[in-house]
Amino acid sequence: MKIRLILLWGILKKNVIERKRYFFNSISGLLTIYLIFVLIFFGMKSFVSGPQFGNTADGLVVGFFLWNFIVQVYSELSNALIREARWGTLEQLYMSPVGFGWISFSQVLSSLAIFFLANVGFLYLIMLTTGRFLSLRIASTFPLLIITLLGVAGIGYFLGGLTLVFKRVESLLQIVQFLFVALVMVPVESLPLLKHFPVSFGASLIRRVMIDGTPITGLPPSDLGFLLLNSTVYFLLGYGAFKYFERVAKRKGLLGHY
Amino acid sequence: MRGVSFSVDKGEIVGLLGPNGAGKTTTIKCISSLITPTSGEITIDGVSVQSGPNEALKGTSAVLEGNRNIYWRLTPRENLEFFASLQGINPKNKRGEIRKLLTSLKLEEKMDTPARKLSRGMQQKLALASALVREPQLLLLDEPTLGLDVRASREMRERVKALAEEENITLLLSSHDMDVIEDVCLKVIILKSGRIVVKDRVDNLLDLFRAEEYKVVLGGRLKEEVKASLRRDFSVTMSPDSEELRTGFEVEVAEAKQIYPLLGRLQEEGAQIVSVSRGSPDFEEVFLNLVEGGRDED
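Residues numbered from 1 in each chain as written. Chains lettered and ligands numbered in written order. Predicted model: local features only at pLDDT ≥ 70, side-chain atom pairs only at ≥ 80, totals over all residues. Heavy atoms only, no water.

**Q** Mind showing me how you'd approach the confidence of the model for chain A here?
**A** If pLDDT is low for a region, its predicted coordinates should not be looked at in detail. A residue-level look at chain A finds 97% of positions with pLDDT of 70 or above and a mean pLDDT of 89. Across chain A, element-level confidence peaks in helix 9 (residues 221-252) of chain A with a mean pLDDT of 96 and bottoms out in helix 3 (residues 51-87) of chain A with 85. (pLDDT = per-residue confidence, 0-100. Helix = DSSP H or I, 4+ residues; strand = E, 2+ residues; numbered from the N terminus.)

Written out as C-alpha cells, the structure reads:
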C-alpha cells in the first residue's frame, strides 16, 4: 500500500509541476469555457425573464459546473495516454512494477484533485457573474460528485482503451462531450430512462442538494444506493473494456506508437 | 519474430544487431512486456514476463526511444524523483543518490533546468539516469547512441560498460552502430527478418572471419598473364598496381590452406613477397558477411 501511495503522490506532484510550468495553457482552457458560459448565460437572459429566469439560471450554473467537471474527468485518461505516447514515456509507465492499473487510477485521482480545486474556483466565478449564489454544501455535494464521477471515470477508461488501439480519438471525445450535455441538462424526472445512463441520476441528485438545499441525509437511501450501483457498474464496465483494449494493443504491438 | 531463443547471464552486455525490420526493438519490447508474443516464454530471473509482468519487471528498466523517455517539462531532478516513485521508491530517501547519479553523468549543473532546454546528448543521458534511478538489475537499451555526436556517444559507451563492470548490471542493447556493439558488448545476437542469424561472442565472430582472409603484399609488378592465371585458379581480389611499383592484393580463400598453394605459385612466378598477414575485418564486415550470407542459427 505504501508503494502505491508513493506512486500516487509522485503522479500528483508531476501533474502539479507540469500545470504550474505551463500555467497559461492550463488557465486558458478554463477561460475559454468561462467565455462560453458567459455567452450562453447572457444569451439565455435575453430570452427568459421573470420568475422562471431564476430556476433556469440556477440549473444552468449547476449544469455547466458539472458538465465542465465531467468532461475534464472523462477526457483526462485519453488525453494523458495520448500525451504520454507522444512523449515516449507511456512505455516507462507500463514497465512500473506497481502496474499500469494503479498508475492510470492515480492519474485520474490526481487530476480529479486538481480539477476539483480549479472547478470550485470556476463555480464561484460563474456564481459571481450570474449573481446566483447556490448552496455548495460540500459535505453533501462532494460525496455525490465523487460517486457520479466514478461512473464518468469508467467512460474515461473505455475511451482510453480505444485511444490505445485506434490512436486518433479526438473527434469521438468531442462527440461524447455533447452527449454529456444532454445527460447533465435533461432532468431524469422528465425522461426516467435517463436514470440508467451514466451521470444523469447523479446530476439530478446534485441539483437537489445545490438548488433545493436538500442535504444528502435528506435524500432517499434507495436513490443513493441506485447512484452507487449505477456508477460502479459503469466504472467496472469501462475498466474491463480498457483491460481488453490494452491486451489487444499489446498483442498487436500498438502500445506507445502515436 | 520466429524461433528467437537466447539467454543472458548476470552482468553480461549482449548486443542485438540487425538491419531495419530485423526485430531488435520488438525483441526488447517483448522482454519489457510491451508486446505480447503469440507463443513462447520470456523469463527474467525465473519469473515469466507473460504471466507475472509486475514481478518479472521489478528489477528491469529500459531506455527505448533515446531522448524521448523523459518528461521534457520537468527538470532532471524532478524526472529522477518521478521515475523513482514509479518504482515505488520514496524520492525523499533517494535525494543524495539522485544528485550523485546526475553528477556521474555530468548533469549536476543542469539538474534544475527543464529537460527540453538540454542538448540531445544530455537528454539521452538523463533518459539513462531515469532508468538507473529505478535500481535495475537488467537494463534494456534500444539504440542508446542514436543521434549522439562522437563525444557524447563515447561517453555513453563508457558509462554503459561501467554499469556492467562496476555495478554488475545485465545489459541488453540494440544498435545499428556496429562500432558500439564491437566496443561495448561481450556477446552479440544478429537478427535478420525476425530470426536469429547468429549468436556468439563478438571476439569469436571477428576471429572466424579473420581466419578466412589473408593479405599478401608483393614488391614489383605482376605480368598480366600471371594475374590472369591467379584469378583463374584462386579466389583472389587484386588491387590496382600502384605508382610505387608495389602491388598489394587481398586474397580471399574459402579454406585457409589455399594460402600455401598461392604462395607457391607466386614463388614459381618469381614474385617478391613482401608480407603475408591475416586480414582484420571490422565488425561491419562480419555483420554484412553474416547477414548477406544468410547463415541461420536454426
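**Q** Would you mind showing me how to read the interface of chain B and chain A here?
**A** Reports of interface size often rely on the accessible area that becomes lost once the parts have come together. Counting residues at the interface gives 36 residues for chain B, matched by 32 residues for chain A. On the chain B side of the contact with chain A, B:Leu34, B:Tyr71 and B:Arg73 bury the most area, a combined 24% of that side's loss. Across the pair A:Glu91 and B:Lys29 runs a salt bridge, and its minimum N-O distance is 3.8 Å. Where chain B meets chain A, there are 12 residue pairs in polar contact (both at pLDDT 80 or more). Secondary structure elements with two or more residues in the side of chain B that touches chain A: strand 4 (60-63) and helix 3 (76-86) of chain B. Of all the elements, helix 3 of chain B adds the most residues to the side of chain B that touches chain A, at six residues. Classifying every residue of the side of chain B that touches chain A by side-chain character gives 14 nonpolar, 12 polar and 10 charged. (Contact = heavy atoms within 4.5 Å. Buried area = accessible area lost by both parts, 1.4 Å probe. Salt bridge = Lys/Arg side-chain N within 4 Å of Asp/Glu carboxyl O. Polar contact = N/O pair within 3.5 Å; in protein donor to acceptor, adjacent residues only side chain to side chain. Nonpolar A, V, L, I, M, F, W, Y, C, P; charged D, E, K, R; others polar.)

**Q** Help me understand the packing of helix 3 of chain B against helix 5 (residues 120-132) of chain B in this model?
**A** Residues and elements named next belong to chain B. Running from amino to carboxyl end, helix 3 crosses helix 5 at an angle of 30°, the nearest separation of the two axes being 8 Å. Our classification of the angle between helix 3 and helix 5 gives roughly parallel. In this structure, helix 3 meets helix 5 at a crossing whose hand is right-handed. Contact residues: helix 3 offers Pro 76, Asn 79, Leu 80 and Phe 83, while helix 5 offers Leu 126, Ala 129 and Ser 130. Its residues assigned to classes, the contact of helix 3 with helix 5 shows five nonpolar, two polar and no charged. (Axes fitted to C-alpha atoms, helices over the stretch in contact; angles between N-to-C directions. Parallel < 35°, antiparallel > 145°, perpendicular 65-115°, else oblique. Left-handed = near helix turned anticlockwise from the far one by under 90°.)

**Q** What's the story with unusual backbone geometry in this structure? I'm lost.
**A** It is generally the case that most residues other than glycine have a negative phi and that most peptide bonds are trans. Here A:Val199, not a glycine, exhibits a phi torsion of approximately 75°, which is positive. Mapped onto the elements, A:Val199 comes out in the loop between helix 7 (170-185) and helix 8 (200-210). At B:Ser33, a position not held by glycine, the phi torsion is positive, near 65°. Looking at where B:Ser33 falls in the secondary structure, it is placed in the loop between helix 1 (24-31) and strand 2 (43-44). When its relative accessible area of 10% is taken as the criterion, B:Ser33 is described as buried. (Buried < 20%, exposed > 50% of the residue type's maximum accessible area, 1.4 Å probe, protein only.)

**Q** Honestly, the sheet that holds strand 7 (residues 187-192) of chain B in this entry has me stumped. Any pointers?
**A** Within a sheet, adjacent strands bond to each other through the backbone by hydrogen bonds, running parallel or antiparallel. All names here are of chain B. Ordered in space as 4-5-6-1-7-8, the six strands form an open sheet in which the pairing is mixed. Edge positions in the sheet fall to strand 4 and strand 8 (195-201), since each of these pairs with one other strand and no more. Recorded for the sheet is a direction-independent mean angle of 15° between the axes of neighbouring strands. Across the face of the sheet, helix 5 comes into contact with strand 4 and strand 5 (138-142) while running at roughly 170° to strand 4. Across the sheet, helix 6 (residues 150-167) lies against strand 1 (13-17), strand 5 and strand 6 (170-175), angled at about 155° from strand 6, the strand it touches most. (Pairing = 2+ DSSP bridges.)

**Q** Even after reading the chapter, I still don't get the environment of B:Leu64, so can you show me in this structure?
**A** The residue B:Leu64 is located in the loop between strand 4 and helix 3 in this model. Note on B:Leu64: relative accessible area 4%, which makes it buried. As for B:Leu64 and B:Asn54, which are separated by 10 residues in sequence, their C-alpha atoms are 18 Å apart. Setting aside anything within four residues of it in sequence, one finds B:Leu64 in contact with A:Glu91, A:Gln92, B:Ile28, B:Leu34, B:Asn69 and B:Asp142.

**Q** Looking at this structure, how should I read the pattern of salt bridges?
**A** Considering all chains together, one arrives at 29 salt bridges over all chains under this definition. A salt bridge links B:Glu78 to A:Arg21, with the shortest nitrogen-to-oxygen separation between them at 2.7 Å. With B:Glu78 in helix 3 and A:Arg21 in helix 1 (residues 2-21), this residue pair bridges two chains. Residue classification places A:Arg21 among the partly exposed residues on the basis of a relative accessible area of 35%. Within the structure, one salt-bridge network assembled from shared partners comprises B:Lys106, B:Lys125, B:Arg151 and B:Glu155.

**Q** Explanation requested: helix 5 (residues 100-130) of chain A in the structure shown.
**A** Within an α-helix, residues lying three or four positions from one another point in the same direction, as the helix has 3.6 residues per turn. Taking 1.5 Å per residue, 31 residues should reach 45 Å; helix 5 of chain A reaches 43 Å between its end C-alpha atoms and fits that length. Positive phi shows up at A:Gly131, right after helix 5 of chain A, with a value of about 75°. (Expected span 1.5 Å × (residues − 1).)

**Q** Mind showing me how you'd approach the nonpolar core here?
**A** In summary, soluble globular proteins display a tendency toward joint burial of nonpolar side chains. Residue and element names in this part refer to chain B. Ile 190 and Phe 283 are the most contacted members of the largest nonpolar core, which has 158 residues in total. Those residues in contact with Ile 190 that sit more than four places away from it in its chain are Leu 17, Arg 195, Ile 196, Val 197, Val 198, Leu 205, Phe 287, Leu 290 and Val 291. Within the second largest apolar cluster, 14 residues are counted, among which are Val 226, Val 236, Ile 259 and Leu 263. (Core = buried A, V, L, I, M, F, W, Y, C linked by side-chain atoms within 4.5 Å.)

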